[in-house]
Amino acid sequence: MKDLGAKAFSYGYASPVLMAATYNDDGTVNVMNLHEVTRTNAGDLACCIGKPKKTHENIEKRKAFTLTLANESLMKEIDYLGTVSGYNVPDKFERTGLKAVKSKHVDAPVIVGSPVVIECELIEFVETDHFTTVLAKIVNMAADESVLGENGKIDTGKIGMIFYESFSNSYYRLGEKVGKAWSEGKVFMG
Ligand SMILES: Cc1cc2nc3c(=O)[nH]c(=O)nc-3n(C[C@H](O)[C@H](O)[C@H](O)COP(=O)(O)O)c2cc1C
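Parameters at a glance
- Residues numbered from 1 in each chain as written.
- Predicted model: local features only at pLDDT ≥ 70, side-chain atom pairs only at ≥ 80, totals over all residues.
- Core = buried A, V, L, I, M, F, W, Y, C linked by C-beta atoms within 7 Å.
- Buried ≥ 20, exposed ≤ 12 C-beta atoms within 10 Å, placed from the backbone.
- Contact = placed C-beta atoms within 7 Å.
- Pairing = 2+ DSSP bridges.
- Helix = DSSP H or I, 4+ residues; strand = E, 2+ residues; numbered from the N terminus.

Caption draft 1: The nonpolar core, seen in detail. With 41 residues, the main nonpolar core has Leu 18, Met 19, Ala 20, Ala 21, Val 31, Leu 67 and Ala 70 as its most contacted residues. Setting aside residues up to four positions removed in sequence, Leu 18 forms contacts with Leu 34, His 35, Val 37, Leu 67, Thr 68, Leu 69 and Ala 70.

Caption draft 2: Structural view of the sheet that holds strand 12 (residues 170-173). Pairing in this open sheet of three strands is antiparallel, and the strands run 1-11-12 from one edge to the other. On the outer flanks of this sheet lie strand 1 (15-16) and strand 12, each paired with one strand and no other. For strand 1 and strand 11 (residues 162-165), the ladder comprises two bridges, and the chain directions are antiparallel. Each residue of the ladder has a partner; that of Pro 16, found in strand 11, is Phe 163.

Caption draft 3: Layout of the environment of Ala 64. Positionally, Ala 64 belongs in strand 6 (residues 64-69). Judged by local crowding, Ala 64 falls into the buried class, with 23 C-beta atoms found within 10 Å. For the pair Ala 64 and Pro 109, spaced 45 residues apart in sequence, the C-alpha to C-alpha distance is 9.4 Å. Setting aside residues up to four positions removed in sequence, Ala 64 forms contacts with Val 106, Asp 107, Ala 108, Cys 120, Glu 121 and Leu 122.

Here's what the structure looks like:
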């Protein structure tokens, strides 16, 4: 194998594109593009958010935010929301033409038209040099009926979710299903 060095990992392998929505001090909505999110062992979320982001300040103040799984139809809006900061363009969310309503569960906005939204409350900030790991409790998850399968569970194929791939700095769709988890490996069981 060829060693590429630690920096080659860059922003990491392909991960879902999420929209982190928060309220500003005046009650207007701010949204940023966020892909560095993972579920922790306890069923909480760990989100890697830069300290200089408006979203960081808003979460610190309101202790809440929502995450929308972005789909392909929202790609231009989400890319814009990840390019400009609410500090420089306070009405950036309004400019996209998207609308939001207040979450029923947390003090944060829910983007109208979200296929899937995760409503979160802040547990704590773990601060390092440039980024903060925002540990958050999942208070609720809501999905548009159109993305539910016959069993009432989320059908990922219906979301149209997109992934950010940092090696090529591009967005990708979800590919084909290739196997069943906790099942394919059974060939090695005696
Ligand atoms: C594809 C993409 C993924 C991004 N992922 C993250 C991320 O995981 N964490 C982060 O802090 N910023 C990330 N950003 C950058 C923020 O979205 C960007 O700095 C945004 O302008 C911050 O907005 P705010 O200052 O209004 O909160 C990403 C941007 C793009 C385009």
